[in-house]
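Okay, here's what each chain looks like letter by letter:
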Number of protein chains: 2
Amino acid sequence: MKTKAQRIYDVLAANIQNGTYKPNSKLPSEHDLIAQYDVSRGTIRTALDMLSQDGYIQRLKGKGSIVLDVAKYNFPVTGLVSFKEVSKIMHGQVRTIVNELLLIRPDDFVQSQLDVGPTDDVWRVARTREIQGERIILDVDYFDRKFVPYLTKDICADSIYEYLEKELNLSISFAKKEIVVDSATDEDKAWLDLGDFSYVVVVKNHVYLEDVSLFQYTESRHRPDKFQFVDFARRNYLSKK
Amino acid sequence: MKTKAQRIYDVLAANIQNGTYKPNSKLPSEHDLIAQYDVSRGTIRTALDMLSQDGYIQRLKGKGSIVLDVAKYNFPVTGLVSFKEVSKIMHGQVRTIVNELLLIRPDDFVQSQLDVGPTDDVWRVARTREIQGERIILDVDYFDRKFVPYLTKDICADSIYEYLEKELNLSISFAKKEIVVDSATDEDKAWLDLGDFSYVVVVKNHVYLEDVSLFQYTESRHRPDKFQFVDFARRNYLSKK
DNA sequence: TAGTGGTCTAGACCACAGC
DNA sequence: CTGTGGTCTAGACCACTAG
């Protein structure tokens, strides 16, 4: 069950993306939207706040809400978005190859990254992402078996996240993302078309559930020439000191 | 003039960072905070929403607000934070060298990035960031002179952002950030201690003011071994389809 | 002056957690 | 059952924009 605010967000976001509301034009005023959707001002403002946070609009005191040029920001590649969701947007030839699916006893590195003990079971999944015929990304995932008891190659080939959220009802809440550059490992060289590149861009992700338990650690290893990370950032409260 | 919610945010954030509220413990309930700060529930909730957005707490229905381990996320390196703010956190030897400060006529590239015409004046600032004696980052900034009429080497050596916000009263609102890997240019080689590296990590930033005008384009070029980008991301509305 | 968004209040009903 | 956070409402006052 979605909230009223989320439904209004969905409608307005869709109308911005399909051009019903054009960039640099104004959205209807809060007063108008209240009448249009027959809700209170608080609800409308919640929806508008979400649109602002996601880079759809800019709100201006005394003026109104201006529609931003969504195309310019070619997001969402930011936030927490799974490869399957991204591939829809890219609407190009993308393919996932499951290289490896193992249940392992974690070494020191995995223990520290996943916050598990040496006797806990951990899934290790290695997948190659092929884009337009080239193997560009190597995703290595570690899942705490406490949260994911069962996993198959078929699930990995499709979308692990969909399985986790829809089948296991795990609710992903937030993640800490880190981007660094690293030398290519033998695994990288084996499963990626690296050509002359001797290094990769690594996106490390620690993913947490709603109850704050850490359940996944992922390394997404990219061929550098194809790597791109796009982010829409509002000046946040931290810097408003 | 700060809002009540922002002041409450500041107090709670400070108390989380200094350990008054410990990781994995609970914040006082909304009811308690209402009594403590003598405000309405909406105001308290606004402050708690901001804390959640910035990764300080996790809110759990029926339970309360849990304090997250801020140290684990070693932010803020995310969002829009200037180098001066970052250097405070790094509390290491950091130094800024102003290589170049020029008023130029923009070429095609700068025209497209800054959305200006060929006869508009544009500032070009090139600065090297030295960390622990090594020249690690090359920042190249382009400012539309419409917004920044006057600029000196002294201002660039200190903090351009402080000057823009406090002196010129420009209010930065949001940015589009893009991270890619690029071959090192002659300028990179001249002004950075690249050693054997033949490539750099480039953070491109388009910065917008509150009235949605684009006023700055920046390339921050990093030596790859020292590059790190950390982000705290909540699963956002876009992916909640 | 009229219209806009920004903030704050007071109260209501709900779903969920835990005893 | 009580206490918690999640959502929604109705109304108020303010600051800013623009004619």
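As the structure is a computational prediction, the values presented were derived from the model and not from experiment.

1. Comments concerning the overall build of chain A
- Each helix and strand counted, chain A has eight helices and nine strands in total.
- Sorting the 241 residues of chain A into buried and exposed places 54% on the buried side.
- When contacts within chain A are restricted to residue pairs at least 6 apart in sequence, those whose partners lie at least 24 apart make up 59%.
- Here chain A displays about 11600 Å² of accessible surface, and carbon together with sulfur accounts for 48% of that area.

2. Brief notes about the sheet that holds strand β5 (residues 134–144) of chain B
- Reading across the sheet, the seven strands line up as β9(A)-β6(B)-β7(B)-β8(B)-β5(B)-β4(B)-β3(B) and stay open at both edges, with antiparallel pairing between neighbours. Both outer strands of the open sheet, β9 (229–234) of chain A together with β3 (94–104) of chain B, are each paired with one neighbouring strand and no more. Ignoring strand direction, the axes of neighbouring strands in this sheet form an average angle of 15°.

3. Brief notes about the UniProt feature "domain: HTH gntR-type" (unreviewed entry) in chain A
- Per the UniProt record, the feature "domain: HTH gntR-type" (unreviewed entry) sits at residues 2–70 of chain A.
- For the annotated span residues 2–70 of chain A, helix accounts for 51% and strand for 12% of the residues, and the straight-line distance between the end C-alpha atoms is 24 Å.

4. Comments concerning the protein's contact with DNA strand C
- Of all residues adjacent to DNA strand C, which total 20 residues, the nearest are Arg41(A), Arg45(A), Lys4(B), Ser40(B) and Thr43(B).
- Close to the protein, within 4 Å, the atoms of DNA strand C belong to sugar or phosphate groups at a rate of 71%.
- Contact between DNA strand C and Arg41(A): a base nitrogen at 2.7 Å from a side-chain N or O atom of the residue.
- The set of elements that each furnish at least two residues to the surface near DNA strand C consists of α3 (41–53) and β1 (57–60) of chain A together with α1 (4–17) and α3 (41–53) of chain B.
- It is α3(B) that provides the largest number of residues to the surface near DNA strand C, a total of three residues.

5. Some points on the sheet that holds strand β8 (residues 214–222) of chain A
- Read across the open sheet, the seven strands follow the order β3(A)-β4(A)-β5(A)-β8(A)-β7(A)-β6(A)-β9(B); overall the sheet is antiparallel. In the strand order of this sheet, the two ends are held by β3 (94–104) of chain A together with β9 (229–234) of chain B, each with one partner. On average, each strand axis in the sheet is inclined to that of its neighbour by 15°, with strand direction left out of account.
- Here ten bridges tie strand β4 (residues 122–131) of chain A to strand β5 (residues 134–144) of chain A, and the two strands are oriented antiparallel to one another. Looking at β5(A), one finds that Arg124(A) is bridged to Tyr142(A).

What counts and how
- Numbering of residues begins from 1 in every chain and follows the order in which that chain's sequence is written.
- Following the order in which they are written, the chains are lettered starting with A and the ligands numbered starting with 1.
- The predicted origin of the model limits local features to residues at a pLDDT of at least 70 and limits the giving and counting of side-chain atom pairs to 80 or more, whereas totals for whole chains, interfaces and linings rest on all residues.
- The basis for every side-chain value is the complete set of non-hydrogen atoms in the structure, without hydrogens or water.
- Only DSSP runs of H or I with at least four residues qualify as helices, and only runs of E with at least two residues qualify as strands; both kinds are numbered from the N terminus onward.
- Residue exposure (1.4 Å probe, protein chains only): buried if accessible area is under 20% of the type maximum, exposed if over 50%, otherwise partly exposed.
- The contact definition used throughout considers only heavy atoms, calling two residues in contact when any of these lie within 4.5 Å.
- Per-residue accessibility takes into account occlusion by the displayed protein chains alone, with areas from the Shrake-Rupley method and a 1.4 Å probe.
- Note: two strands are recorded as paired if DSSP finds a minimum of 2 bridges between them.
- Orientation is described by axes fitted as lines to C-alpha atoms, over the contacting stretch for helices, and by angles from 0 to 180 degrees between their N-to-C directions.
- UniProt positions are given in the numbering used here, feature names are shortened, and annotations may be inferred rather than shown by experiment.
- Throughout, the term near means that a residue has one or more heavy atoms lying within 4 Å of the molecule or strand in question.
- Definition of a polar contact: a pair of N or O atoms within 3.5 Å, with one able to donate and the other able to accept a hydrogen when the atoms are protein atoms, and with sequence-neighbouring residues admitted only if both atoms are side-chain atoms.

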